[in-house]
Amino acid sequence: MKLANLRGRAAIVTAPDRAVDLHQASDGRFGPDLAGVYDQWAEVVAWAQGAKLAEGTAYRTDELGPPSPAPRQILGIGLNYGAHAAESGFEPPEHLPPVFPKFLSSLTGPVGEVTLPDGGHTDWEVELVVVIGKQAHQVSADHAWDYVAGLTGGQDLSERIGQLRGPAAQFGLAKSHPGFAPTGPVVVTPDEFADRDDVALTCVLDGETVQDGRTSRLLFPVAKLIEGLTQVITLYPGDLIFTGTPDGVGMGREPQRYLQPGQTLTSTVEGVGSLEQRLVAPTKGEPHCSPGAPDGTVERAPSRPRPRGMPMAKTEQEPVRDQATDHLLNPANCVLALIDYQPEQYHTITSTSRDRIDLNVIALCKLATAYDVPVVLSTVGVDLGVNEGTAQVIRDELPGVQEIDRTGVNAWEDADFRAAIEGSGRKKVVIAGLWTEVCLTFPTLDMLAEGYDVYPVADAVGGISTTSHERALERMVAAGAQPITAISFGAELMRNWARTDADNLRTVMNWYFPKKQQLDQAEGVQFDNSGS
């Protein structure tokens, strides 16, 4: 099996440059986030072996992100090839080779630009990268491959001046500049290789092959590395191990050679594919970004001096209203109710896409968690054996929240659901559910009749038709409901960027908007922000 990070979503590669969305193909059982896939790796592989997958849709390599975009640990291994140790001036290690971290901010996908650090000597190091698929501690070499999800390619880009400057070497920092850990293009399960312990690696700089090695020459092969590492640390699903580089690096040449702006570096791992990094010079004073970063965020350069006469921006926190009497939503006066986000309901929604519903429901969950808003989660027909439970992608966001299963379609008529809402002590109910015209509308109308303020989340719900969805929203508004959106919910909870809890919303927005943009592009949403 080959797994890719296609526009931020888990995808199974079915043919060269074609893939199917894992979340959609599995009816929501797995994905779309890659981190959750590695947590369920054994189940994903077992499912994929029996699944009848479609041909898939075409993609470009530059649409791929890092195959494991959120590892808890990225470990680098030094001097793990004898010839590389020799060219670096060291004896081959007799015990576990040097281990160093590569920090998450350096992680990118297989294609993109890398800004060379100003005044540095940046070197190349093609490597086989191991992706962990099961938690591992004190594992023997005989069983180590059982803990491997798959193999991918990596470039351990290294700035040598910072790395070797005394009094002690700075491997981790010097190898963690933005874009210094490109990985990909895909993760390939070990069974796909003719010999998982003998994989060819090449690195080509502007058409010249500068590294050509095989993993059969590793001093400590994959199994021995995992054995050695796990005697000390615990490896987690999604963790990355850069296993070491063969000889041919720039530092080991005579004269030494380092990467220059305008060059293109191509790193290939047999059976996996190629990475391509275009090297650019730093641009002073401009925002720095690394295309393909895991979360799509941009690191900004220091702000420019404030022109004379321009008033200083407010930095003091505005007074906070009394949360008990506040007529707007705040973290202390509302409860979030999520109703019937089950596969059977999803299958009948046509007013919007499942991906868009999931995006906004997950945003609601993240916001509720960040601002300590209580959540009431309900299903229908699970105990009767009619339906499955809440979609796993939502359950993953709400650890510890218990489902309240019902037999009736109106949640407000269920004693346990009603008790949970009443038990929160809050009279403002933010509510979302499937379908809009039934499972959302009925409890909304009942709660309004009993004096609750009810806020249906319009972009996190869907109906069996666009007409059904729209008429249901109109019916609720006519009865006094106040529709909101997922992100407006977060803005209403926060309200002031100077508050200490504003970072909660920033974090969710940094996650949300790149995914929304990808979804808009995938669904062909057209908009004009030109201002003309």
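Residues numbered from 1 in each chain as written. Predicted model: local features only at pLDDT ≥ 70, side-chain atom pairs only at ≥ 80, totals over all residues. Heavy atoms only, no water.

1. Section: the sheet that holds strand 18 (residues 264-269)
With respect to topology, five strands assemble into an open sheet ordered 9-19-18-15-16, the strand pairing being mixed. With partners counted over all chains shown, the strands left at the sheet margins are strand 9 (111-115) and strand 16 (208-214), one partner each. On average, each strand axis in the sheet is inclined to that of its neighbour by 20°, with strand direction left out of account. Here strand 18 runs beside strand 19 (residues 273-280); their pairing, made up of six bridges, is antiparallel. Residue pairing for strand 19: S267 is matched across the bridge by L275. (Pairing = 2+ DSSP bridges. Helix = DSSP H or I, 4+ residues; strand = E, 2+ residues; numbered from the N terminus. Axes fitted to C-alpha atoms, helices over the stretch in contact; angles between N-to-C directions.)

2. Brief notes about the sheet that holds strand 20 (residues 334-339)
Taken in spatial order, the five strands make up an open sheet running 22-21-20-23-24, and their pairing is parallel. Looking at the sheet topology across the chains shown, the edges are occupied by strand 22 (403-406) and strand 24 (453-456). The sheet shows a mean angle of 25° between the axes of neighbouring strands, taken without regard to direction. Summarising the sheet, strand 20 and strand 21 (residues 375-380) pair through four bridges and their orientation is parallel. Its bridge partner being in strand 21, I339 is matched across the sheet by S378.

3. So, helix 11 (residues 415-423)
Structurally, the start of helix 11 carries an N-cap: the backbone nitrogen of D416 is 3.1 Å from a side-chain oxygen of D414. Just downstream of helix 11, G425 is the residue with a positive phi angle, here 75°. (Polar contact = N/O pair within 3.5 Å; in protein donor to acceptor, adjacent residues only side chain to side chain.)

4. Observations concerning the packing of helix 14 (residues 486-494) against helix 15 (residues 502-522)
Remark: helix 14 packs on helix 15, axes separated minimally by 9 Å, with the N-to-C direction vectors making an angle of 165°. The orientation of helix 14 with respect to helix 15, classified from their angle, is roughly antiparallel. Note that helix 14 runs across helix 15; the crossing there is left-handed. Residues I487, G490, A491 and M494 of helix 14 touch helix 15, and the partners they reach there are A502, L505, Y512 and F513. (Parallel < 35°, antiparallel > 145°, perpendicular 65-115°, else oblique. Left-handed = near helix turned anticlockwise from the far one by under 90°. Contact = heavy atoms within 4.5 Å.)

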